[in-house]
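Listed below are the residues making up each chain.
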Amino acid sequence: MREALRELESSGVVISRKHSGVFVRQLGMVEIRDLYKLRALLDGFAGRVSAQLPKKDRDNLVKFLVSTTIGMKEALKSADANRYYAENLRFHWAIVEAAGNLQMAEIYRGIVQKLHISRLKNLSANSGRKASIAEHQTIVRAVRQGDFAQTELLMARHVDDALIRLQETTQLETTP
């Protein structure tokens, strides 16, 4: 348990306070914005590379992405935010892993871990999930067509749009 907490602390997910315990680290909006911008670059790159896979590999990726998108739709219908989030993670991880760049995947994993609470909060709003599904479907079409430039653009824009939705949600929560 201690080793796991040390690992989480070294990755910036939790903070340890002497004589108080271990707490989930709360990110400020500036740090969240910076992480989303970095994630947009990585998602865009991963999308570009995955859309250039050989047709057979790309077709297998598309099948998987379609299944996760269907899972997101089902989760939206049943108002299951946790399932939606899990399917969303699977979608993005599939593209990152398909890119085949282990160093990028490691950096991406660290960013996703830090943004976990912010992303879950963002995707818990139905309007955010509806927009996200539409964006995922457009990304799948671009990957299917092997349009690497469009896939890169759509992936980066998808992350940028998620940041905008998060900022809007956060503003609504802090407005009296």
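Quick look at the structure, then. None of these values were measured; they are calculated from a predicted model.

We now examine the packing of helix α2 (residues 29-50) against helix α4 (residues 81-99). Contact geometry for α2 and α4: axes closest at 8 Å, N-to-C directions at 65 degrees. The hand of the α2/α4 crossing is left-handed. Residues Arg39, Asp43, Ala46, Gly47, Val49 and Ser50 of α2 touch α4, and the partners they reach there are His92, Ile95, Val96, Ala98 and Ala99. Its residues assigned to classes, the contact of α2 with α4 comprises six nonpolar, three polar and two charged.

Any two aromatic rings considered together are summarised by their centre-to-centre distance and by the angle between their planes. Here the structure, examined in full by the defined rule, presents one aromatic pair. Judged by centre distance (5.4 Å) and plane angle (85 degrees), the rings of tryptophan 93 and tyrosine 108 are edge-to-face. Remark: tyrosine 108 occurs in helix α5 (residues 102-123) and tryptophan 93 occurs in helix α4; sequence separation between them is 15 residues. Over the ring of tyrosine 84 we find arginine 129; its NZ or CZ atom is 6.0 Å from the centre of that ring.

On to the pattern of salt bridges, then. Counted by the stated rule, this structure contains nine salt bridges. Between aspartate 59 and lysine 55 there is a salt bridge, with the nearest N and O atoms lying 3.2 Å from each other. One end of the pair, aspartate 59, and the other, lysine 55, are both in helix α3 (residues 55-77), four residues apart, so they sit about a helical turn from each other. On the basis of relative accessible area, lysine 55 is assigned to the exposed category, the value being 52%.

How each quantity is defined
- Residues numbered from 1 in each chain as written.
- Predicted model: local features only at pLDDT ≥ 70, side-chain atom pairs only at ≥ 80, totals over all residues.
- Heavy atoms only, no water.
- Axes fitted to C-alpha atoms, helices over the stretch in contact; angles between N-to-C directions.
- Helix = DSSP H or I, 4+ residues; strand = E, 2+ residues; numbered from the N terminus.
- Left-handed = near helix turned anticlockwise from the far one by under 90°.
- Contact = heavy atoms within 4.5 Å.
- Nonpolar A, V, L, I, M, F, W, Y, C, P; charged D, E, K, R; others polar.
- Phe/Tyr/Trp six-rings, centres within 6.5 Å; stacked < 30°, edge-to-face > 60°.
- Lys NZ or Arg CZ within 6 Å of the ring centre and 35° of its normal.
- Salt bridge = Lys/Arg side-chain N within 4 Å of Asp/Glu carboxyl O.
- Buried < 20%, exposed > 50% of the residue type's maximum accessible area, 1.4 Å probe, protein only.

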